[in-house]
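Here's the letter readout for the chains.
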Amino acid sequence: MKVSTFLKKYTMILALVIVFIFFTVLTNGKLLYAQNVSNLLLQNAYVLIMACGMLLCILTGGNVDLSVGSTLCLSAALSAKLLSIGVPAGVAILVSLLVAAVIGVWQGWLIGYVHIPPFICTLAGMFLFRGFARVILSSKTIAVMNESFLNLFTSYIQPEGSEGPYNSAIVVGVIIAVCLLVFKFYSIGKQKKSGYMNSSPVGQIVKTLIIDAVIIAYTVLLSQYKGIPVMLIWILVVVVIFAFLTSSTVFGRYFYAVGGNEKATKLSGIDPRKVYFVAYFLMSFLAGFSGLLVGARIGSVDGNMGNSYEMDAIASCFIGGASAYGGSGTVPGVMVGAILLGVINQGMSIYGLPDQWQYVVKGGVLLAAVVFDVVSNHKTGKS
Amino acid sequence: MADYILEMKSITKLYPGVKALDNVNLQVERGEIHALVGENGAGKSTLMNVLSGTIPHGEYTGDIVYNGQECQFHNIHDSEKLGIVIIHQELALIPELTIAENMFLGNERKNSFGKINWNETYKQASEQMKRVGLKESSNVLIKDIGTGKQQLVEIAKALSKNVKLLILDEPTSSLNEEDSKMLLDMLLGFKKEGLTSIIITHKLNEVAYCADRITVVRDGSTIETMENPNHDIDEERIIKGMVGRELTDRYPAREHKIGKEVLFQVKNWEVYHPVYTEKCMAKNISFEVHKGEVVGFSGLQGAGRTELMMSLFGKSYGTKISGQEFINGQEVHLKNEHDAIEHGLAYATEDRKVNGLVLEDSIAWNTTMAKMSKISKRGIIDVNKENKVANEYVAAMKTKTPSVQQAVGNLSGGNQQKVLLSKWMFAEPDVLILDEPTRGIDVGAKYEIYGIINDMVAQGKAVIMVSSELPELLGMCDNIYVMNEGRLVGTFTAEDATQEKIMSAILSSKDKA
């Protein structure tokens, strides 16, 4: 691979590495403290999860869902309220997710089948669901104190009786790393059999080894803090499902097709209405799920929770290389975008940059990423 | 010594890795119609982009001498100032603006404060429209007039710029024969008034009809310039120059083996316009297609052929659809496109870029799009299998591409068309409807596509071919149905049909109506 194509393919990963190193130096290494590394993903759990759903919406043609911050708040408020009046955790969770699913059906139907422009439909949803959330909360703050609810989302996996360092985390990391490597060899074998190679096998293995190294390093740091957080598992479950959905399933392919050329997609026997419906349904459902995570992590819910969270999810997608016109973008790319945003946030907080300047930096990064994407694609289009 | 309005000398244009133009020389005499012919990707459009300043001076080497003066154009305004106007294949009109607004876009009639003088705008627009024979009011929106008339607006727009040298890139590719002839006659009229034109086209009968001289471009070089003083040049002679070999037969031979079984039958089909629901687009249509048969549909633009075919293909067009549809003797009620595909029907659109392909996606993705069940199990895609079948189709179709991962948008028109055909052949239909399968592609690629069609019917499938090019229908079809204004106005067998008979069927039906 030529240096220029390599740079282009992995721009965002390189940017992430550079930004990470930059803030590590700036904060005298504080960014690398086990606690900070562990918190990085937990603090951004809602971004990582909602960015998966937002990617689907964006794929269908650069459409976004503005209502997710409000849906998140509504789901969290509902859970908190139910828990506060003594409803068991399992029931509260089910009811909240059900409401999120109903919102998803509602918005998916309006956008897919009634052809309401997504921007307007979800703008209305943004007001509607925040309003409902405040009605449920009676404009108060409700604390979340149910133990089993909190345990389900915010505890750490710590074997009985052990006290840190939690080496079990490293064991899990190594097992995952080995599994990835074995799977890679298996898939290379399969590619050889079919007589079609995507890229050189050596390159594929090197790539896997780098990912393995990052995983093991990450679990080593986790073992020095409190072990593996349960929330990390929730994040991974969602991300893996969505990565698989978009890259390897027939229905995932439809999102790209509709975003690329809706008319051609329809004439190929694919119903675009269904594709829109599923995108917005899954988005709302993930927003509802994120509400549970955020509610548990913060430990209380108020009417302003989730304000502007939709913008974090949208920004992650665009920073992560999703096209503003739809039809292209991947879950791994979007995850890199979300983590990049998270590192910048955390780095600036640790460094102590005033809040107002943090906004300026975030805006600049988003703009730079999109400008870079458009300009570099334009150049390839010309040649 | 001839009086040259334009001489392009030793023009060379390099793209990274490709020599798009290699030492090209072109001489255009004042007051002539000069045709530029060549296969897709030969470099015709690049050459015209150099001339118009779209490719600015400095990005190519060589000289442009216009009216005896050496010129260096840095953008399209520089060339337009001197009266060189180019009309691109894809029309550059804005649908939501009026004819007059489009005509003076970027060239507005305004006073010194920048306020647009609308009276002057509409008056001047009407004058130019009269010259091209447009009877519409100049405040009609572009979207409300047909493609043929839009092409005329483009020409009127060029005239309003005081054009001396008019360049037309494929002006008739989306026009029917009648509109095409009208346009060419208009060019001949302007020629008498002293206008020089360069016309790029794939339609060789048009070249013979209107061009005074013909320059052949092949692989980025000018091969030869032919004289055509009496407008009777042999088309085979031009083809020989274009492809560098003689295509002895423009339509590959096929054993006509029409089966007895009726594969596809339509009875009393009727369809109405989706928006103007009173407007009937196809009325009382009945026809049948046998196994191993190529059936042609001829007619003028707007005859209702595309609308008919799309409504047959799972109601993808129109409202108030009625009539019966039979596949393999069974009556079917196709609810949507998916249903149609499942029943063995396929429709390859006339507009591959808008309705056919996802341009930013790869060849592999486009190939499998209409029948993903073949490369997946329980909804999970087998990527290796997908790439393998895509490679097989690339090989079978002779699609020119470095890999099946290539985005379809980066391919030439002919290769895109092959991907579109691959996609529908991959869906394994019994009946394949091809709407204008060779529009805007070069002679060599056309020949290959005809061969593919022949292979399909040899496998016992049936092909319905909608085309505006009569010679193509005559060369390929076993039976030809003629449509006009939504009705069937004639049926001919291959032996029976001639261009004259088909045209007269259309025209006489017009008289009746």
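Being a predicted model, the structure only gives us computed values, none of them experimental.

**Some words on the overall build of chain B**
In step 1: Within chain B one finds 17 helices and 22 strands.
In step 2: Rg of the C-alpha trace for chain B: 24 Å, near the compact-globule value of 24 Å for 513 residues, within the 12% margin.
In step 3: Viewed in the frame of its principal axes, chain B has a C-alpha envelope of about 70 × 50 × 50 Å.
In step 4: Summarising the internal contacts of chain B: among those between residues at least 6 apart in sequence, 67% fall at separations of at least 24.
In step 5: Of the roughly 22,100 Å² that chain B leaves accessible, carbon and sulfur atoms contribute 47%.
In step 6: Once the 58 positive and 72 negative side-chain charges of chain B are each reduced to a mean point, those two points are 2 Å apart.

**Quick look at the interface of chain B and chain A**
In step 1: In this assembly, 32 residues from chain B lie in contact with 26 residues from chain A.
In step 2: Across the chain B/chain A interface, buried area totals approximately 2,500 Å², and carbon plus sulfur atoms make up 57% of it.
In step 3: Contact with chain A buries area across many residues of chain B, yet Trp-365, Met-369 and Asn-384 of chain B alone supply 22% of it, more than any other trio.
In step 4: For the pair chain B and chain A, the interface holds 2 salt bridges.
In step 5: Residue Lys-266 of chain A is joined to Glu-337 of chain B by a salt bridge in which the shortest nitrogen-to-oxygen separation is 2.8 Å.
In step 6: Our count for the contact surface shared by chain B and chain A stands at 8 residue pairs in polar contact (both at pLDDT 80 or more).
In step 7: Where the side of chain B that touches chain A is concerned, the elements lending two or more residues are α10 (337–342), α11 (352–356), α12 (363–368), β18 (380–381), α13 (383–397) and α14 (413–426) of chain B.
In step 8: Ranked by residues supplied to the side of chain B that touches chain A, first place goes to α13 of chain B with 5 residues.
In step 9: Looking at the side of chain B that touches chain A residue by residue, the classes come out as 14 nonpolar, 11 polar and 7 charged.

**Comments concerning the sheet that holds strand β6 (residues 84–87) of chain B**
All names here are of chain B.
In step 1: A sheet is described by the order of its strands in space; here 6 strands give the open sequence β6-β7-β8-β3-β9-β10, paired in mixed fashion. Strand pairing shows two members of the sheet lacking a second neighbour, β6 and β10 (221–227), which therefore form its edges. Across the sheet, the axes of successive neighbouring strands diverge by a mean angle of 20 degrees, strand direction being ignored.
In step 2: Of the pairings in the sheet, the one linking strand β3 (residues 33–37) to strand β9 (residues 213–218) comprises 4 bridges and is parallel in character. Directly across from His-34, in β9, lies its bridge partner Arg-213.
In step 3: Sitting on the sheet, helix α5 (residues 147–160) is in contact with β6 and β7 (165–169), with an inclination near 170 degrees to β6.

**Points about the domain arrangement of chain B**
In step 1: Partitioning chain B into domains gives domain 1 (4–243), domain 2 (249–344 + 429–513) and domain 3 (356–428).
In step 2: Taking the mean C-alpha position of each, domain 1 of chain B and domain 3 of chain B sit 35 Å from one another.

**Considerations on the pairing of strand β21 (residues 479–484) of chain B**
Residue and element names in this part refer to chain B.
In step 1: Taking burial as the measure, the 6 residues of β21 include 6 buried ones, the bulk of the element.
In step 2: Residues Asn-479, Tyr-481 and Met-483 line one face of β21 and the alternating positions Ile-480, Val-482 and Asn-484 line the opposite face, and both faces are buried.
In step 3: As judged from the 5 bridges shared by strand β13 (residues 294–299) and β21, these two strands associate in the parallel manner. When the sheet's bridge partners are listed, Gly-299 is paired in β21 with Met-483.
In step 4: Counting the residues between successive antiparallel strands, the hairpin from β21 to strand β22 (residues 487–493) contains 2 residues, one of them, Glu-485, with a positive phi of roughly 45 degrees.

**Things to note about the side chain of Thr-438 of chain B**
Residue and element names in this part refer to chain B.
In step 1: In this structure, Thr-438 sits in the loop between β19 (431–435) and α15 (443–458).
In step 2: Residue Thr-438 is classed as buried on the basis of its relative accessible area, which comes to 2%.
In step 3: Within the structure, Thr-438 has its side chain in polar contact with the side chain of Glu-472 (distance 2.4 Å).
In step 4: Every residue in contact with Thr-438, bar those within four places of it in the chain, is listed here: Lys-446, Ile-449, Tyr-450, Glu-469 and Glu-472.

**Quick look at the side chain of Arg-439 of chain B**
Residue and element names in this part refer to chain B.
In step 1: The residue Arg-439 is located in the loop between β19 and α15 in this model.
In step 2: Classification of Arg-439 as buried rests on a relative accessible area of 19%.
In step 3: Contact partners of Arg-439, with chain neighbours within four places excluded, come to Ser-173, Ser-174, Gln-301, Glu-350 and Arg-352.

**Thoughts on helix α10 (residues 201–224) of chain A**
Residues and elements named next belong to chain A.
In step 1: Helix length check: α10, at 24 residues, gives a terminal C-alpha distance of 35 Å against a target of 34 Å (1.5 Å per residue), a fit within 8%.
In step 2: When we look at burial in α10, the residues that qualify are Gln-204, Thr-208, Asp-212, Tyr-218, Thr-219, Leu-221, Leu-222 and Ser-223.
In step 3: Contacts made by the buried residues of α10 are with α3 (34–43), α9 (167–194), β3 (228–229) and α11 (230–248).

**Considerations on a positive patch on the surface**
In step 1: A surface patch of like charges, here positive, comprises Lys-190 and Lys-193 of chain A together with Lys-377, Arg-378, Lys-385 and Lys-388 of chain B.
In step 2: Elements that contribute at least two residues to the positive patch include exactly α9 of chain A together with α13 of chain B.

**Topic: the confidence of the model for chain A**
The predicted coordinates ought not to be read in detail in places where the model reports low pLDDT.
In step 1: Mean pLDDT for chain A: 89, with 95% of residues reaching 70 or above.
In step 2: Counting interchain partners and residues more than four positions distant, the pLDDT-below-50 stretch residues 379–383 of chain A has 1 contact.

**Let's talk about the pattern of salt bridges**
Residues and elements named next belong to chain B.
In step 1: Summed over all chains, the structure comprises 23 salt bridges over all chains.
In step 2: Here Glu-32 ties to Arg-213 by a salt bridge, and the two come within 3.1 Å at their closest N and O atoms. You can see Glu-32 sitting in the loop between β2 (18–29) and β3 and its partner Arg-213 sitting in strand β9, a full 181 residues away along the chain. Side by side, Glu-32 and Arg-213 carry an identical accessibility label, which is buried.
In step 3: Between Arg-131 and Glu-193 there is a salt bridge, and its shortest N-O distance comes to 3.5 Å. You can see Arg-131 sitting in helix α4 (residues 118–131) and its partner Glu-193 sitting in the loop between α6 (177–192) and β8 (196–200), a full 62 residues away along the chain.
In step 4: The class for Arg-131 is partly exposed, based on a relative accessible area of 42%.
In step 5: In this structure Glu-193 comes out as exposed when scored by relative accessible area, which is 58%.
In step 6: The network of salt bridges with common partners includes Glu-29, Glu-32, Arg-213 and Glu-227.

**Looking at the packing of α11 of chain A against helix α14 (residues 272–298) of chain A**
All names here are of chain A.
In step 1: In the contact formed by α11 and α14, the axes pass within 11 Å of each other and the chain directions differ by 165 degrees. Between α11 and α14, the interaxial angle falls into the category roughly antiparallel. For the crossing formed where α11 meets α14, the hand is left-handed. Within the contact between the two elements, α11 uses Met-231, Trp-234, Val-238, Phe-242 and Leu-245 and α14 uses Leu-282, Leu-286, Phe-289, Leu-293 and Arg-297.

**Here we look at the packing of helix α4 (residues 45–59) of chain A against α14 of chain A**
Residues and elements named next belong to chain A.
In step 1: The N-to-C vectors of α4 and α14 enclose an angle of 175 degrees; their axes lie 8 Å apart at closest approach. Compared by their axis directions, α4 and α14 come out roughly antiparallel. For the pair α4 and α14, the contacting residues are Ala-45, Tyr-46, Ile-49, Met-50, Cys-52, Gly-53, Met-54, Leu-56 and Cys-57 in the first and Ala-279, Tyr-280, Leu-282, Met-283, Leu-286, Ala-287, Phe-289, Ser-290, Leu-293 and Val-294 in the second.
In step 2: In the contact of α4 with α14, the residues fall into 17 nonpolar, 2 polar and no charged.

**Remarks on the sheet that holds strand β14 (residues 319–327) of chain B**
Residue and element names in this part refer to chain B.
In step 1: Strand order in the open sheet formed by 4 strands is β12-β11-β14-β15, with antiparallel pairing between adjacent strands. Two strands lie at the open edges of the sheet, namely β12 (280–290) and β15 (330–332), each paired on one side alone. Neighbour-to-neighbour, the strand axes of this sheet turn through a mean angle of 10 degrees, independent of strand direction.
In step 2: Where strand β11 (residues 262–272) lies against β12, 7 bridges are found, and the strand directions are antiparallel. Opposite Val-262, over in β12, you have His-290 as the bridge partner.
In step 3: Across the face of the sheet, helix α9 (residues 305–312) comes into contact with β11, β12 and β14 while running at roughly 115 degrees to β11.

About the criteria used
Residues numbered from 1 in each chain as written. Chains lettered and ligands numbered in written order. Predicted model: local features only at pLDDT ≥ 70, side-chain atom pairs only at ≥ 80, totals over all residues. Heavy atoms only, no water. Helix = DSSP H or I, 4+ residues; strand = E, 2+ residues; numbered from the N terminus. Rg over C-alpha atoms; globule rule 2.2 N^0.38 Å. Contact = heavy atoms within 4.5 Å. Areas by Shrake-Rupley, 256 points an atom, 1.4 Å probe, with all protein chains shown as cover. Lys, Arg positive; Asp, Glu negative; His and termini not counted. Charge placed at Lys NZ, Arg CZ, Asp CG, Glu CD. Buried area = accessible area lost by both parts, 1.4 Å probe. Salt bridge = Lys/Arg side-chain N within 4 Å of Asp/Glu carboxyl O. Polar contact = N/O pair within 3.5 Å; in protein donor to acceptor, adjacent residues only side chain to side chain. Nonpolar A, V, L, I, M, F, W, Y, C, P; charged D, E, K, R; others polar. Pairing = 2+ DSSP bridges. Axes fitted to C-alpha atoms, helices over the stretch in contact; angles between N-to-C directions. Domains from an automatic or database assignment. Buried < 20%, exposed > 50% of the residue type's maximum accessible area, 1.4 Å probe, protein only. Expected span 1.5 Å × (residues − 1). Patch = residues over 30% accessible without salt bridge, like charges linked within 9 Å, V, L, I, M, F, W, Y side chains within 5 Å. pLDDT = per-residue confidence, 0-100. Parallel < 35°, antiparallel > 145°, perpendicular 65-115°, else oblique. Left-handed = near helix turned anticlockwise from the far one by under 90°.

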